[in-house]
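A structural walkthrough
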Amino acid sequence: MLKGFYGKLLRVDLDRHTYGEEEIPEEIFRRCLGGKGLGTYLLLNNVDQSADPLGRENKLIFTTGPATGTRMPGSSRHGLFAKSPQTGGYAESYAGGKVAPKIKATGYDAIILEGKSATPVFLEISDAGVKFHPASDLWGKDTYTTEDEVKERVGVPKAQAVVIGPAGENMVRFACVENNYWRSSGRGGMGAVMGSKNVKAVVFHGSKAAAIADEETLNSFVKNLITSSKDLPGVKNYKKYGTAQMVALLNSAKAFPTRYWSKGVKEGWEKISGEALISNFKVVPKTCPGCFISCGDLTTIEEGPRAGLTLEGPEYETIYAFGGLCCIDRLDDIIYLNDVCDRLGMDTITGGNLVALAMEARERGLNKDFPQYGDADGAARLLEDMAYRTGPGAVFSNGIIAAAKALGMAGETIHVKGMEPPGYDPRVLKGMGLGYATSARGACHLRATFYKPELSGIISPDAIEGKAALFIEYEDRLTIFNTFINCTFYRDLLQWNELQTVIKAITGWEYTVEELRRMANEIVTMTHLFNLQNGLGKESDALPKRLHKQPLPETGAIIKEEDLAYMLKDYYTLRGWDE
């Protein structure tokens, strides 16, 4: 009997409003566990290379991991997988909050939505089956209202929902799937895929629980982990500042992207820092179920024109995107723009990058209808135009590649495979450049969080030799994290030996560290195989020319093409990939 899994897949046919169960062989779980491993395997075997990312042939795949629904801290996360409307290739996105345990309680390890409903629906998925509810009256409503209404209509206490907003309905290619108001499956356009299928929301509930192989060992491990970790400085800093603590660190490193990637330090960054956040607003630590890190800051604006606004955040990436790239100096304005994106259901990293691109175009005299740098209200109007595909924002709704071409700025834009990077400038942090280039989903910091060893002194940011090997070490371990699915912020607390212990306690399966590394390598290889099948080959593992040619003014830092090529060759060799 499987432990940690059910061995079941739910396939939902939106064309016919039917559904069916399928068995997942044990060998698949042994080979790739759950979460990212299972989601990538299903994506590779269910989505044809001819599929239009916004067509009925694409699938939206939900997965949980073996740790989901257990007492393991950091395990309240679910994964979404699809062919990306943003890049045309592999897409994965994860979200925390309260949803993951309820997906697990339905009794399925994975759920695949396929086809397209003739009319808008929201789904109710439970251990009793699937119900298709009409949702035409919900079409057009924001994410907060939608979440409240679908949960009320289902009427099951503690049921949880994922939803889309107007951006997803209008198939804006960087639309999110949202849950618990402020948690986002934010990257890759998952909301656009859901909208293309005429699904406004999915509500989950149930009473199933997967068996655990050794509950006593798991409980002992969890108790020791909490006791030994809860008072560590890093944990305390997350609880106090959230990810906003990174604003000071990245500006100190002169790697804080500013004014659409033209500078590495924002003048007056102290006004938008983590310290400013807790000094000027009411901030209460907020946590996912079972987590002791509490990285979420529930922030309330108590004074000024935005008074009364409450949200969870802002995260570092939102502060960088709107504060750094768009040169917006007030945290209450950044919080407001965060709220606009969450309600509309749009990724703040892409949203901020595109608004900054518009501001740069305005600066160059290309379009006087775009907002100026620093204009928060103009940014909000542009974001709404993007979500509704109207006015000046319509040019951005199909993503940065299409927008850059329309604006005549193709050589100026910063993206990898059509996805804009997060807030770590690779001209300073060379390993982040390797990470952006090799990430299957496009420029991404979360596959390895390699800013950590570069900023903490484990390896020099300027180092080239040996960087690919250390990067793979981090990427492999976090790949296993995402098979659990376990939160990335536990990366310093769960090394290989701890991962072995947890996997054995939950599943009963013993893996050597080398076996786990091979599993991670196979999963990473599958993500790139999916890209290869969809036209994203070796040439797509590249950085924008500007990052090679335009040095940062503060330091003269640049990432040389030959240095990236050296790291890439090393990376491919160590992964065992041929030409």
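Here the structure is a predicted model, which is why all the values come from computation and not from measurement. Every chain is numbered on its own, with residues counted from 1 as its sequence reads. The model is predicted, so local features are restricted to residues of pLDDT at least 70 and side-chain atom pairs to those at 80 or more, both for listing and for counting; the totals for chains, interfaces and linings are taken over all residues. In computing side-chain properties, one takes all heavy atoms of the structure into account and sets aside hydrogens as well as water.

Before going further, it helps to spend a moment on the overall build of the protein chain. To qualify as a helix, a DSSP run of H or I must reach at least 4 residues; to qualify as a strand, a run of E must reach at least 2; elements of each kind are numbered from the N terminus. Helix and strand counts for the protein chain stand at 22 helices and 15 strands. Using C-alpha atoms as the atom set, the radius of gyration is obtained and then compared with a globule rule of 2.2 Å times the number of residues to the power 0.38. Computed over its C-alpha atoms, the radius of gyration of the protein chain comes to 22 Å, within 12% of the 25 Å expected for a compact globule of 579 residues. For the protein chain, the spread of C-alpha atoms along the principal axes amounts to about 65 × 55 × 50 Å. Think of it in three bands: residues with accessible area under 20% of the maximum for their type are buried, residues over 50% are exposed, and the middle band is partly exposed, with areas taken using a 1.4 Å probe on protein chains only. With 579 residues in all, the protein chain has 63% of them scored as buried. Two residues form a contact once any of their heavy atoms are found within 4.5 Å. Excluding contacts between residues fewer than 6 apart, the proportion of contacts in the protein chain whose partners are at least 24 apart in sequence is 69%. Total accessible area on the protein chain is roughly 20,300 Å²; 48% of this is exposed by carbon and sulfur atoms. Computed with a 1.4 Å probe, the accessible areas rest on the Shrake-Rupley method; for each residue, only the protein chains presented here act as cover.

A word on helix H2 (residues 35-46). Multiplying one less than the number of residues by 1.5 Å gives the expected span of a helix. Look at H2: 16 Å from first C-alpha to last across 12 residues, which is about the 16 Å you get at 1.5 Å a residue. Counting buried residues along H2, 10 of its 12 residues qualify, which places the element largely inside the surrounding structure. All buried positions along H2 are accounted for by Gly-35, Lys-36, Gly-37, Leu-38, Gly-39, Thr-40, Leu-42, Leu-43, Leu-44 and Asn-46.

Fitted lines through C-alpha atoms give the axes, limited to the stretch in contact for helices. The angle between two N-to-C directions lies from 0 to 180 degrees. At a minimum axis distance of 8 Å, the contact between helix H7 (residues 215-229) and helix H19 (residues 496-507) shows a crossing angle of 145°. For the pair H7 and H19, the crossing hand works out as left-handed. Taking contact as the criterion, the partners of Thr-217, Leu-218 and Phe-221 in H7 are, on H19, Glu-498, Thr-501, Val-502, Ala-505 and Ile-506. Nonpolar residues are Ala, Val, Leu, Ile, Met, Phe, Trp, Tyr, Cys and Pro. Charged residues are Asp, Glu, Lys and Arg, and all others, Gly as well, are polar. For the contact of H7 with H19, a count of residues per class yields five nonpolar, two polar and one charged. Should the near helix be turned anticlockwise from the far one by less than a right angle, the crossing is termed left-handed; should it be turned clockwise, right-handed.

Read across the open sheet, the three strands follow the order S13-S14-S15; overall the sheet is antiparallel. The open sheet has two edge strands, strand S13 (282-286) and strand S15 (310-312), and neither has a second partner. Across the sheet, the mean angle from the axis of one strand to that of its neighbour is 20°, orientation sign disregarded. Pairing between strand S14 (residues 296-300) and S15: three bridges, direction antiparallel. Think of it this way: DSSP has to see at least two bridges between two strands before they count as a pair.

Turning our attention to the state of the cysteines. The term disulfide is used for any two cysteine sulfur atoms that are within 2.5 Å. According to the stated counting rule, one finds zero disulfides in the structure shown. Among the cysteines around Cys-288, which has no disulfide bond, Cys-291 carries the closest sulfur, lying 6.2 Å off. Owing to a relative accessible area of 14%, Cys-288 belongs among the buried residues under this scheme. The closest cysteine sulfur to the non-disulfide-bonded Cys-291 is located on Cys-487, 6.2 Å from its own sulfur.

Moving on, we get to helix H4 (residues 143-154). Quick reminder: α-helices carry 3.6 residues per turn. Residues three or four places apart thus point the same way. With 12 residues, H4 extends 17 Å between its outermost C-alpha atoms, agreeing within 8% with the 16 Å of an ideal straight helix rising 1.5 Å per residue. Residues of H4 that are buried include every one of Thr-143, Tyr-144, Thr-146, Glu-147, Val-150 and Val-154, and no others. The buried residues of H4 occupy one face: seen down the axis, they fall within an arc of 165°. If you follow the buried residues of H4, they end up packed against strand S7 (121-126), strand S9 (160-163), strand S10 (177-179), strand S12 (199-204) and helix H12 (331-344). At the N-terminal boundary of H4, the capping side chain belongs to Asp-142, with an oxygen 3.1 Å from the backbone nitrogen of Tyr-144. Following H4 by one or two positions, Gly-155 adopts a phi angle in the positive range, close to 75°. Taking the helix axis as origin, the arc is that swept by the directions to the C-beta atoms. Polar contacts, as used here, are pairs of N or O atoms within 3.5 Å; protein pairs need one atom able to donate a hydrogen and one able to accept it. Residues neighboring in sequence count only if both atoms are side-chain atoms.

Our next topic: the pairing of strand S6 (residues 110-114). Counting buried positions along S6 gives five out of five residues, so the element sits mostly inside the fold. Alignment of strand S1 (residues 8-13) against S6, held across five bridges, turns out to be parallel. Paired with Arg-11 across the bridge in S6 is Ile-112.

Another aspect to go through is the nonpolar core. Buried residues of nine kinds, namely Ala, Val, Leu, Ile, Met, Phe, Trp, Tyr and Cys, make up a nonpolar core once their side-chain atoms join them within 4.5 Å. Counting residues in each nonpolar core, the largest one holds 95 residues, and the members touching the most others are Met-346, Val-355, Leu-383, Met-386, Phe-396, Tyr-424 and Tyr-571. Broken down by element, the residue count for this core peaks at eight residues, all from helix H13 (residues 348-363). The contact partners of Tyr-571, leaving out residues within four places of it in the chain, are Leu-434, Thr-438, Ala-468, Phe-471, Ile-472, Glu-475, Val-524 and Trp-577. Core analysis: the next-biggest nonpolar cluster, separate from the first, contains 58 residues, Leu-2, Leu-9, Ile-61 and Phe-221 among them.

Below, the discussion takes up the sheet that holds strand S4 (residues 78-83). Overall, mixed pairing links the six strands, which are arranged S2-S1-S6-S3-S4-S5 in an open sheet. The open sheet is flanked by strand S2 (18-23) and strand S5 (90-95), the only strands paired with a single partner. In this sheet, adjacent strand axes meet at a mean angle of 20° when their direction is disregarded. Against the sheet, H2 touches S1, strand S3 (59-63), S4, S5 and S6, its axis set at about 20° to S4.

Now for empty space enclosed by the protein. Lining residues are those with an atom within 4 Å of a point, where the points come from a 1 Å grid over the protein atoms alone and group into cavities, where a 1.4 Å probe fits but cannot get out, or pockets, open sets with protein on both sides within 12 Å along at least five of seven lines. Grid points are joined across faces, edges and corners, and a volume is the space filled by probe spheres set on the points. Throughout the structure, instances matching the rule amount to four cavities of 30 Å³ or more. Roughly 940 Å³ of internal volume is contained in the largest cavity. Forming the boundary of the largest cavity are 45 residues, of which Arg-77, Tyr-94, Ser-184, Glu-315 and Leu-446 lie nearest the centre. Considering only residue class, the lining of the largest cavity consists of 18 nonpolar, 16 polar and 11 charged. Its boundaries defined by the atoms lining it, the second largest cavity holds a volume of some 70 Å³. Lining the second largest cavity, in full, are Gly-97, Lys-98, Asn-180, Arg-183, Lys-286, Thr-287, Cys-288, Pro-289 and Glu-312. Within the lining of the second largest cavity, the residues separate by chemical class into two nonpolar, three polar and four charged.

Turning next to the pairing of S12. Along S12, six of the six residues are buried, which leaves the element largely enclosed by surrounding structure. With five bridges connecting them, S7 and S12 associate as parallel partners. Each residue of the ladder has a partner; that of Ile-125, found in S12, is Phe-204. Examined bridge by bridge, S9 and S12 share four bridges and lie antiparallel to one another. In the sheet register, Gln-160 faces S12, and the bridge partner there is Phe-204.

To continue, consider the pattern of salt bridges. Just to be clear on terms, a salt bridge is a Lys or Arg side-chain nitrogen sitting within 4 Å of an Asp or Glu carboxyl oxygen. Inspection of the entire model under this criterion finds 42 salt bridges. With a closest N to O distance of 3.2 Å, Arg-153 and Glu-149 form a salt bridge. Here Glu-149 and Arg-153 lie together in helix H4, a separation of four residues that amounts to about one turn. Glu-149 gets classed as partly exposed once you look at its relative accessible area, which sits at 21%. Note that Lys-467 is salt-bridged to Glu-454, the shortest N-O span being 2.6 Å. On the criterion of sequence distance, the pair formed by Lys-467 in helix H18 (residues 467-484) and Glu-454 in helix H17 (residues 451-456) is long-range, its members being 13 residues apart. The two residues Lys-467 and Glu-454 agree in class, both being buried. Taken together, the shared-partner salt bridges connect Arg-11, Glu-22, Lys-59 and Glu-114 into one network.

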